[in-house]
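Chain by chain, the residues run as shown.
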Amino acid sequence: MILAIALGVLTKLIWLNILTLSLGVLLGNLLASAYNFTRDWRLLDLTWTNATQLFNRGGGNLLIGLVTFGTIIIGATLITVYILLVRAYSPLLINSVAMLLIAAPSIWLLWHYYRYWLKANLAL
């Protein structure tokens, strides 16, 4: 969050853009943490004997690399489409639609992970 605010100040963004950037960082970290904590709990194995076994659970480094690379490609594509749409149509309309397209799945995912942890058997 501190890095996002510092980046906003250094690039001389207006306060509303710094606020939305900070909210985006917070939401992204919340969703990524919920996904990774849930995945780690699902793949929990306490019988590992070395670090390689620990990190190779559920697909290993190749899967993590592919997910990271795929996320970068998808993110760059979405940003490019967003920039093209903002230049072609009213930014108010595009930003409103973008906020809805981000908020709806995010709320659903947070609710999904919340329900998962309510049902999870946390006893080891």
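Rules behind the numbers
- Residues numbered from 1 in each chain as written.
- Predicted model: local features only at pLDDT ≥ 70, side-chain atom pairs only at ≥ 80, totals over all residues.
- Heavy atoms only, no water.
- Helix = DSSP H or I, 4+ residues; strand = E, 2+ residues; numbered from the N terminus.
- Rg over C-alpha atoms; globule rule 2.2 N^0.38 Å.
- Buried < 20%, exposed > 50% of the residue type's maximum accessible area, 1.4 Å probe, protein only.
- Contact = heavy atoms within 4.5 Å.
- pLDDT = per-residue confidence, 0-100.

## Quick notes on the overall build of the chain
Per the secondary structure count, the chain includes five helices and zero strands. For 124 residues, the compact-globule formula gives about 14 Å, and the C-alpha radius of gyration of the chain, at 19 Å, lies well above that figure. Across the 124 residues of the chain, 11% fall into the buried class. For the chain, the share of sequence-separated contacts (at least 6 apart) that also reach a separation of at least 24 residues comes to 52%.

## Looking at unusual backbone geometry
Phi at Lys-12 takes a positive value of approximately 60 degrees, unusual for a residue other than glycine. On the basis of relative accessibility, which here comes to 73%, the residue Lys-12 falls in the exposed class.

## Points about the confidence of the model for the chain
For the chain, per-residue confidence averages 89 on the pLDDT scale, and 99% of positions sit at 70 or higher. Element-level mean pLDDT values for the chain span from 77 in helix α3 (residues 51-55) up to 93 in helix α1 (residues 2-10).

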